[in-house]
Amino acid sequence: MMAAPAYQITNLLEKMTSVDKDFRFMATNDLMTELQKDNIKLDDDSEKKVVKMLLRNSNFNIWELLEDNNGEVQNLAVRCLGPLVCKVKDTQVEAIVDHLCNNMVGEKEQLRDISSIGLKTVINELPMTTTSLAASVCKAMTGRLSAAISQQSDVSVQLEALEILADLLSRFGGLLVQFHASLLEALQPQLKSQRLAVRKRAIICLGHFVMSCDQILYMKLVSMLLDELSKSNNSSSTRTYIQAVGAVCRQAGHRFGDGVERVMPLLIKNMKEADDDELKENVLQAFEAMTFKCGSEMSPHIPDIIKICLHYIAYDPNYNYDDADEEEMECDSEMEEDGSDDEYSDDDDVSWKVRRAAAKCLEAIISTHPELLDMFYKQVSPQLIARFKEREENVKADLFHAYIALLNQTKPIVNIISQDGNMMDVEDGPISALQNQVPAVVKAVHKQMREKSVRTRQGCFMLLTKLIDVLPGCLAEHIPAIIPGIQYGLSDKQSSSNVKIDTLSFIQSLLSTHHPTAFHPHAHILVPAVIGTVGDSFYKISSEALLVLQILVKILRPLDSHPTNFDFTKYTTPIYQCCFVRLRAQDIDQEVKERAISCMGQIIAHLGDSLQAELPSCLPMFLDRLKNEILRLTTVKAMTSISNSPLKIDLRVILPETLPVLSSFLRKNQRALKLSTLSLLDSLCRNYSNVISDEMLVTVLSELAPLVNETDLHIAQLTLTLMTSVVATHPTSIQYISKSSLPQVLKLAESPLLQGGALASMLEFFRILVAANSQVLPYSDLLNKLVNQVMGSCGVNVHKQGRANIAKCVASLVSNNTTQAVTVVNQFLQGIPNQPDYALTFSLLAIGEIGRKADLSKIPALKPAILNSFAHTTEEVKSAASYALGNIALGNLQEYLPFILTEIESTPRLQYLLLHSLKEIISGQSASPTGVQILNQYIPSIWDQLFKHTECDEEGTRNVVAECLGKLCLIKPEELVPRLQASLTSPSAMVRTTIVTAMKFTITDQPQPIDNLLKANIGDFLNCILDPDLNVRRVALVAFNSAAHNKPSLIRDLLKNVLPHLYRETEKRKELVREVEMGPFKHEVDDGLDLRKAAFECMYTLLETCVDRLDIFEFLSRVQDGLRDHYDIKMLTYLMVSRVCQLCPGAVLQKLDKLVEPLKQTCTTKVKANSVKQEYEKQDELKRSAMRAIAALLSVPGADKHPQLGDLITQIRSTPDLTILFESIQRDNGDSNSMETS
């Protein structure tokens, strides 16, 4: 440390001896500030002075500060110890700890308390990264603590020592391995202490102890606990040992599984024999911990635990729930309903703790066993609903949580069904069971929505919100029962802010998930209640109310659904007035301002025709908000709602001033603002073209050219859409567009990135340009501009995807004029013989695109020209010719399809290309009902021709044949699927491969007529997983993966039989591994690798779509094997680990030790020094992916306390390269989470 800071430290130490408390406070504070600086390093002299001042009995030391009359000085003195131990040498740290320990066991009570606080401060402030320092502290502290625990007669000292030891074990248990045996010896007797507090703190210590102790000590402890529990003959000691068992299970559940079979009989026996409520609570808490931590081992015992829990959630010996009284209470006045049940409570009655523990245990069972969902709905949920009448608030909250856990487990099934239109829930399935229980749920909670208890009302709203999240629209018939509770929640003056916000949040969910007509009879209650909260002084309530009001306006007058006869006009003025007050106000919260703008936008869009007199005063406020940098984005979105309204709101009062402001937004570096502004401008051009003049558009058009580029295709798409609308409504603007924006459009057309919506917008833009028939930009000029991009001198530089896009643009120019189409095709044909490859490819693509919609059969030179191109030396030209022939056939099927089938038969060398043409025909014709009807007559001949090639030697040809067969089956499933199925028995493995692949192409992500037939027969196709041929098994797995991804309903019922075979294919087989000699080297070839990859890909897909049908523990055992497999499989299993951490964290926690070891191996593996660059890159990618998996494991609740994972994290943090990588991944995860939250 430099001289100046040393002098400063000396001055501070002198001031700490001052009689003035302010001097002492400031000096101590300054000392702590100095010690907390990262760059401070104490030299030997300064270190000795500080430690001497803090520890020795000099004139004025730290203990005098700690005993200071001023509390702030005391606090600062204790806090100084934390940073101090990080700055001084290990010997000084040991001296500090030794001094604190001596005083902790000393005679002075005040000194003992202060020393205990000091020791806890030292433990909590020690850095985890400096293991040597932490080890020194642990070494100095542990022996003294264990001695204090076992030998001290003063109970208060024991309690302090136990508490400090718990902190020490929690943070540095892994560093205390050498002391574990002595600590266990010291702790075990404390479980028999006469003092309850000592026993409880000893249990806490043992819980932290088992997280890091070795297996021998762990088994010794568990055996001792179970032995003592089995021979315990009084309830007090029994409670202690059951609590200890629960603590051990909670902290080390991954180890506890082996002891479940021994523990369960003891717990159940005590549960049956006990008449002690606290003991029953402890047993139920132990059940809960074991359910969470030992899922697979507890599975056989779950039915027994459920019976016990269902019995004890109704365990209330001191209170009689009279059903008749309950029915009578429902009819009572509001004053009577407001009465609290607290009068029935008895201070000595702790039976509520038993009921609460039973409810929590049921929640744990429901959360960890989704496979028992059907049973839960039959046995558990009816009794949960019946117990919603519970009189104790805490118990009721946990009952609500248990039912919400049931709803959470049902949600994935609802999601799968919503994604798969063909999946219908069976009559006794969980969804239908839930639908049947909705009336009972509403009946149980609707009265409680008006209770005085805030927590109860919030629980009701939380439960109902989750219910409609799982089953949208399920409360439609029960709105009358719910409305009084909503009204009470919003109008009760004693309601807290949180209750009002929860009520409004529930209304929002309710309105968003039900048909508008369900609320019309109750509008006279809902509207005034919501309007009343809009004016609330608390900004969060007002903001939430404005959000609800937006939705309520849509409900009162739904414009996007069937019109209703509901009279909304009587609510128009009050709604407008309450929102206008908020819109006009300047001194309100930003969030309220934004919500007021959005709400007013919806009000004008839906009710504007009834507000004609108010619009001249309201609309200028939107213009004013547009000029506000903070509010402009919200205003643009609100104005988009208004401009899209079918009511055609008159915007003339603000439109001339609005367009220049909007055009200026297109220059801003704010993407969301640009996107919203382009949408608004497009809407204005389409809906207000008669009000917008060409002069008004000039400012807008001048800003568009820079937006048409490949850096942001979404912005480019909206810009092209806007230009299309401008051309359609203001043809005179073409002159300006042709000069300013058209060059950018043509440049974008060359981009290989152009695709999807942006490409579709460009094609429509060119079509409208030609349709405008402008003299400024005639069709011929536009055609030349497009063609010259490829045919000109720079055409060779245009990417092949760019050529394909320009070909589509050329086709869009002639899409409405067959004569022009034929002329253009003839021009292309004339140049074909002498064109370079890139130009020839473009010509063929353009001819094909034109031929999709135009009949080109009258051009005699077309067929020979294309067939000649099949013989070209370049694959790109051949592919373009194949594509062109297939598309031309779509223009005249009768002419070209027989020709293609004949050529397939007669020209074997061109089969692959001709089959591609046939695929284009089938795909194109299948896109419309008319096309299917035309194709039907040709299906027999196509099918026969395709089947001749199912045994082709070339895999590429077989794949095209399979795709064509699959697409044909979609057209005539009843006739063709049985024929496909019959071919599964073919002796040829190649035929079977083709047939299974064809079945894969029948599975799409949209509902199809084939689905029911496919579901009935898909099992026969999937039996090919057992085929003796490797390739057949691989394509069967690929087909299975496709079904699981696109239509999980097809395979869900087959999983029980298929999964064992799938898991078998994940195993590495020695008989499929062979050695190949490559010169002097031997190279290992694994013929089963592709098969294993396909199996693991299926597993990953099942995790996304059928997790409720998986035995997650068996699944994880396969994943852990994959973590040691080939590079490609490792990469897949890392993804699976991350996903399973989100879906089944409890199961992951139990398997954590098996998952951590292979991940650790990957992270610590080093590439050989003479390896090639690719090996280094592969290893780096493996490490990065493994780190992502480790970060996901770390996010699992409780994983941070797992010893093996903790060791791995410590190892990562002690390796600079790994630390940098891990921290970057954690930052990325944090950024993505924040983006999802926003």
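Residues numbered from 1 in each chain as written. Predicted model: local features only at pLDDT ≥ 70, side-chain atom pairs only at ≥ 80, totals over all residues. Heavy atoms only, no water.

Undergrad: For the overall build of the chain, give the residues involved together with the corresponding values.
TA: Secondary structure assignment for the chain yields 64 helices and 2 strands. Each principal axis of the C-alpha atoms in the chain carries an extent, and together these give about 115 × 90 × 85 Å. Within the chain, contacts between residues separated by at least 24 positions form 73% of all contacts whose residues are at least 6 apart in sequence. Per element, the accessible surface of the chain, about 54,400 Å² overall, is 49% carbon and sulfur. Here the chain contributes 125 positively and 152 negatively charged side chains, and the mean placements of these two sets differ by 4 Å. (Helix = DSSP H or I, 4+ residues; strand = E, 2+ residues; numbered from the N terminus. Contact = heavy atoms within 4.5 Å. Areas by Shrake-Rupley, 256 points an atom, 1.4 Å probe, with all protein chains shown as cover. Lys, Arg positive; Asp, Glu negative; His and termini not counted. Charge placed at Lys NZ, Arg CZ, Asp CG, Glu CD.)

Undergrad: Explain the pattern of salt bridges residue by residue, including any values.
TA: In the structure shown here, the tally under the stated rule is 46 salt bridges. A salt bridge links Arg391 to Asp316, with the nearest nitrogen and oxygen atoms 2.8 Å apart. Of the two residues, Arg391 sits in the loop between helix H22 (373-386) and helix H23 (393-419) while Asp316 sits in the loop between helix H18 (302-312) and helix H19 (323-330), which places them 75 residues apart along the sequence. Pair check on accessibility: Arg391 and Asp316 agree, each one buried. Several salt bridges share partner residues, and in doing so they unite Asp316, Arg355, Arg387, Glu390 and Arg391 into one network. (Salt bridge = Lys/Arg side-chain N within 4 Å of Asp/Glu carboxyl O. Buried < 20%, exposed > 50% of the residue type's maximum accessible area, 1.4 Å probe, protein only.)

Undergrad: I'd like a rundown of the packing of aromatic side chains, residues and numbers included.
TA: On inspection of all chains with the given rule, the structure shows 10 aromatic pairs. Between Phe461 and Phe506 the ring centres are 5.4 Å apart and the planes differ by 40°, which places this aromatic pair in the tilted class. Placement of the pair is Phe461 in helix H25 (residues 454-470) and Phe506 in helix H27 (residues 497-513), with a sequence separation of 45 residues. Exposure remark for Phe461: the relative accessible area of 2% places this residue in the buried category. Assessed through its relative accessible area of 0%, Phe506 is described here as buried. On the basis of an interplanar angle of 35° and a centroid distance of 5.3 Å, the ring pair of Trp943 and Phe947 is categorised as tilted. (Phe/Tyr/Trp six-rings, centres within 6.5 Å; stacked < 30°, edge-to-face > 60°.)

Undergrad: Let's hear about empty space enclosed by the protein: which residues, and what values?
TA: Applying the stated rule across the entire model yields 1 cavity of 30 Å³ or more. Approximately 40 Å³ is the volume found for the largest cavity. Taken together, Glu1065, Glu1067, Arg1069, Leu1072, Gly1088, Leu1091 and Arg1092 make up the full set of residues lining the largest cavity. (1 Å grid on protein atoms, 1.4 Å probe; cavity = no way out; pocket = protein on both sides within 12 Å on 5 of 7 lines; lining within 4 Å. Points joined across faces, edges and corners; volume = space filled by probe spheres on them.)

Undergrad: Which residues make up H22, and what values do they have?
TA: Taking 1.5 Å as the rise per residue, H22 with 14 residues should run 20 Å; its terminal C-alpha atoms sit 19 Å apart, in good agreement. Its maximal kink placed at Val380, H22 deviates by approximately 45°, while the proline Pro382 follows within four residues. The set of residues buried in H22 consists of Leu373, Met375, Phe376, Tyr377, Val380, Ser381, Leu384 and Ile385. (Expected span 1.5 Å × (residues − 1). Bend = angle between axes of the 7 residues up to and from the residue.)

Undergrad: Residue-level account of the side chain of Glu228, with values.
TA: Summarising the element assignment, Glu228 is placed in helix H12 (residues 215-231). Residues in contact with Glu228, not counting those within four places in the same chain, are Lys192 and Tyr241.

Undergrad: Just give me the short version of the pairing of strand S2 (residues 1081-1086), but keep the residues and values in it.
TA: Pairing of strand S1 (residues 1073-1078) with S2 involves 6 bridges; the strand directions are antiparallel. When the sheet's bridge partners are listed, Glu1075 is paired in S2 with Glu1084. The turn joining S1 and S2, which pair antiparallel and follow one another in sequence, is formed by 2 residues; a positive phi near 65° is taken by Gly1079. (Pairing = 2+ DSSP bridges.)

Undergrad: An account of the packing of helix H50 (residues 939-947) against helix H52 (residues 973-982) is requested, with residue identities and associated values reported.
TA: Contact geometry of H50 with H52 gives a least axis separation of 13 Å together with a crossing angle of 15°. Classified by the interaxial angle, the pair formed by H50 and H52 is roughly parallel. Judged by the sense of rotation from one axis to the other, the crossing of H50 with H52 is right-handed. Of the residues in H52, those in contact with Ile939, Trp943 and Asp944 of H50 are Leu976, Arg979 and Leu980. Split by residue class, the contact of H50 with H52 holds 4 nonpolar, no polar and 2 charged. (Axes fitted to C-alpha atoms, helices over the stretch in contact; angles between N-to-C directions. Parallel < 35°, antiparallel > 145°, perpendicular 65-115°, else oblique. Left-handed = near helix turned anticlockwise from the far one by under 90°. Nonpolar A, V, L, I, M, F, W, Y, C, P; charged D, E, K, R; others polar.)

Undergrad: Before we move on, could you go through the nonpolar core and cite the residues and values that matter?
TA: Leu475, Phe766 and Ile1051 are the most contacted members of the largest nonpolar core, which has 416 residues in total. For this core, the leading source of residues is H23, giving 11 residues. Apart from residues lying up to four places away in sequence, Phe766 is in contact with Leu742, Val745, Leu746, Leu782, Leu786, Cys809, Ser812 and Leu813. (Core = buried A, V, L, I, M, F, W, Y, C linked by side-chain atoms within 4.5 Å.)

Undergrad: Go over the environment of Val798, please, and point to the residues and values.
TA: As for its position among the elements, Val798 is in the loop between helix H41 (779-791) and helix H42 (800-813). When near neighbours in sequence (up to four residues on either side) are disregarded, Val798 contacts Glu750, Gln789, Arg803 and Ile806.

Undergrad: Outline helix H58 (residues 1112-1122), listing residues and values.
TA: Along H58, 9 of the 11 residues are buried, which leaves the element largely enclosed by surrounding structure. Looking at H58, one finds that the buried residues are Ile1112, Phe1113, Phe1115, Leu1116, Ser1117, Arg1118, Val1119, Gln1120 and Gly1122. On its buried face, H58 sits against helix H17 (295-298), helix H56 (1055-1064), helix H57 (1089-1105), helix H59 (1127-1143), helix H60 (1145-1150) and helix H61 (1152-1164).

Undergrad: How would you summarise unusual backbone geometry if you had to cite specific residues and measurements?
TA: Phi at Lys648 takes a positive value of approximately 50°, unusual for a residue other than glycine. In this structure, Lys648 sits in the loop between helix H33 (632-643) and helix H34 (655-665). Phi angles above zero are rare outside glycine, and Asn773 is one such case at about 55°. Considering the arrangement of structural elements, one finds Asn773 in the loop between helix H40 (756-771) and H41. Owing to a relative accessible area of 60%, Asn773 belongs among the exposed residues under this scheme.

Undergrad: Tell me what's going on with the environment of Leu722, and back it up with residues and numbers.
TA: Checked against the element boundaries, Leu722 lands in helix H37 (residues 713-729). Sequence spacing of Leu722 and Leu678 is 44 residues, and the spatial spacing of their C-alpha atoms is 6.8 Å. Apart from residues no more than four positions distant in its own chain, Leu722 is found in contact with Leu678, Leu681, Asp682, Cys685, Val700 and Leu704.

Undergrad: Any chance you could break down the confidence of the model for the chain for me, citing the residues and the numbers?
TA: In this model, the chain carries a mean pLDDT of 84, and residues with pLDDT of at least 70 account for 91%. Confidence drops under pLDDT 50 across residues 54-63; counting only partners more than four residues distant or on other chains, this segment forms 28 contacts. (pLDDT = per-residue confidence, 0-100.)

Undergrad: Which residues make up the state of the cysteines, and what values go with them?
TA: Overall, the coordinates contain 0 disulfides when judged by the stated rule. With no disulfide partner, Cys205 has as its closest neighbouring cysteine sulfur the one in Cys213, 13 Å distant. You can see Cys1141 has no disulfide; the closest cysteine sulfur is in Cys1144, sitting 9.8 Å from it. (Disulfide = S-S within 2.5 Å.)

Undergrad: If you had to explain the environment of Tyr315 to someone new, which residues and values would you point to?
TA: Within the element layout of this structure, Tyr315 appears in the loop between H18 and H19. The sequence separation of Tyr315 and Ser351 amounts to 36 residues, and the corresponding C-alpha distance is 6.9 Å. Excluding residues that lie within four positions of it along the chain, Tyr315 makes contacts with Asp277, Lys280, Ser351, Val354 and Arg355. At a separation of 2.6 Å, a polar atom in the side chain of Tyr315 contacts the side chain of Asp277. (Polar contact = N/O pair within 3.5 Å; in protein donor to acceptor, adjacent residues only side chain to side chain.)

Undergrad: I'd like a rundown of the packing of helix H29 (residues 539-556) against helix H30 (residues 569-584), residues and numbers included.
TA: Contact geometry of H29 with H30 gives a least axis separation of 12 Å together with a crossing angle of 150°. Considered as vectors, H29 and H30 are oriented roughly antiparallel to each other. In terms of crossing hand, the pair formed by H29 and H30 is left-handed. Residues Ser542, Leu546, Leu549, Val553 and Leu556 of H29 lie in contact with H30, whose contacting residues are Tyr571, Ile575, Cys578, Cys579 and Arg582.

Undergrad: How would you summarise the side chain of Gln409 if you had to cite specific residues and measurements?
TA: Mapping Gln409 onto the fold places it in helix H23. Gln409 gets classed as buried once you look at its relative accessible area, which sits at 15%. Among the polar contacts made by the side chain of Gln409, one reaches the main-chain carbonyl oxygen of Ser367 at a distance of 2.9 Å. Those residues within four positions of Gln409 in sequence are excluded, and the remaining contacts are Ile366, Ser367, Thr368, His369, Pro370 and Leu373.

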